[in-house]
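Below, each chain spelled out in residue letters.
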2 protein chains.
Amino acid sequence: MRARVFVTLKPSVFDPQGTTVAEALHTLGYATVTDVRQGKYFELEIDARTPEEARRVAAEAADKLLANPVIESYRIEIDAGAGAAASAGVAR
Amino acid sequence: MRARVFVTLKPSVFDPQGTTVAEALHTLGYATVTDVRQGKYFELEIDARTPEEARRVAAEAADKLLANPVIESYRIEIDAGAGAAASAGVAR
């Protein structure tokens, strides 16, 4: 089962990387892009029987390793295999 | 309008960062996590009137700046505001 974990800086935290990307896009002529936030993206292949179990493992992994809870928040989506995208989103 | 761009290494490209995360998870006791791929995640706030226009701008930004098309592929989702998640996925 595949879990997707999106880690982004909390809205109150300054994101210099995103700001740099936004400025580069403006330089390239994309003035309609008003804001960019950059984050990390993880695809975890988890050997779990249920989406709930996969979500639990992914949430623990995010808490302990993938995200820094002080400045980052994360969101998890579970892709229950074979096209059936049982998206079980969790934001924290 | 918000565009989400996910950039990942192509499946044929070795992902040492993901491998390291997988090994760290095994060390922490999560043996059920069989594989990890790490990528980048961008949230672009785009001043566009239609989801199609936002998607076009996001795809050009990904082609020119956010992804390296030689080793990376990307996927775009458009979040057409106010909860109405008109997910218009494009994979390349």
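As a reminder, the structure under discussion sits directly above these lines.
We now turn to the structure provided with this report. Fair warning: this is a prediction, and the values are worked out from it, not measured in the lab. (Residues numbered from 1 in each chain as written. Chains lettered and ligands numbered in written order. Predicted model: local features only at pLDDT ≥ 70, side-chain atom pairs only at ≥ 80, totals over all residues. Heavy atoms only, no water.)

## A look at the pattern of salt bridges
Under the criterion given, the structure shown has twelve salt bridges over all chains. For A:Glu60, the salt bridge identified is with A:Arg56, shortest N-O distance 3.1 Å. You can see A:Glu60 and its partner A:Arg56 sitting in helix α2 (residues 51–66), four residues apart, about one turn around the helix. Note on A:Glu60: relative accessible area 27%, which makes it partly exposed. We note a salt bridge from B:Glu43 to B:Arg2, for which the minimum N-O separation is 3.7 Å. Here B:Arg2 lies in strand β1 (residues 2–9) and B:Glu43 lies in strand β2 (residues 33–46), a separation of 41 residues in the sequence. Residue B:Glu43 is classed as buried on the basis of its relative accessible area, which comes to 15%. Taking the relative accessible area as the measure of exposure, B:Arg2 reaches 32% and is therefore partly exposed. If you follow the salt bridges from partner to partner, you end up with A:Arg2, A:Glu43 and A:Glu45 in one network. (Salt bridge = Lys/Arg side-chain N within 4 Å of Asp/Glu carboxyl O. Helix = DSSP H or I, 4+ residues; strand = E, 2+ residues; numbered from the N terminus. Buried < 20%, exposed > 50% of the residue type's maximum accessible area, 1.4 Å probe, protein only.)

## Focus on the interface of chain B and chain A
Counting residues at the interface gives 31 residues for chain B and 32 residues for chain A. When chain B packs against chain A, the two sides together hide about 2,800 Å² of surface, and 64% of this comes from carbon and sulfur. Where chain B meets chain A, there are zero salt bridges. When contributions to the side of chain B that touches chain A are tallied by element, the ones reaching two or more residues are β1, α1 (16–27), β2 and α2 (51–66) of chain B. Taken together, the residues of the side of chain B that touches chain A sort by class into 16 nonpolar, five polar and ten charged. (Contact = heavy atoms within 4.5 Å. Buried area = accessible area lost by both parts, 1.4 Å probe. Nonpolar A, V, L, I, M, F, W, Y, C, P; charged D, E, K, R; others polar.)

## Quick look at α1(B)
For α1(B), which comprises twelve residues, the first-to-last C-alpha distance of 16 Å matches the rise-based estimate of 16 Å (1.5 Å per residue) to within 8%. Every buried residue of α1(B) is listed here: B:Gly18, B:Val21, B:Ala22 and B:Leu25. For α1(B), the angular spread of buried residues about the axis comes to 100°, placing them on one side. The secondary structure elements touched by the buried residues of α1(B) are β2 (33–46) and α2 of chain A together with β2 of chain B. Looking one or two residues beyond α1(B), the residue adopting positive phi is B:Gly29, at roughly 105°. (Expected span 1.5 Å × (residues − 1). Arc of directions from axis to C-beta.)

## Looking at the relation of the copies chain B and chain A
Mapping chain B onto chain A leaves a residual RMSD of 0.0 Å; the transformation is a rotation of 180° accompanied by 0.0 Å of translation along its axis. The superposition of one copy onto the other is thereby described by a two-fold rotation axis. Using C-alpha coordinates, one finds that chain B approaches the rotation axis most closely at B:Lys40, a distance of 2.4 Å. (Least-squares fit on C-alpha atoms with pLDDT ≥ 70 in both.)

## Looking at the pairing of β2(A)
Regular strands place their side chains on alternate faces of the sheet. Within β2(A), ten of the 14 residues are buried, which leaves it mostly tucked inside the rest of the structure. Sheet analysis places strand β1 (residues 2–9) of chain A next to β2(A), joined by seven bridges and oriented antiparallel. Across the sheet, the residue bridging to A:Thr8 is A:Gly39, located in β2(A). Pairing analysis gives 13 bridges linking β2(A) to β2(B), with the strands arranged antiparallel. When the sheet's bridge partners are listed, A:Arg37 is paired in β2(B) with B:Glu43. (Pairing = 2+ DSSP bridges.)

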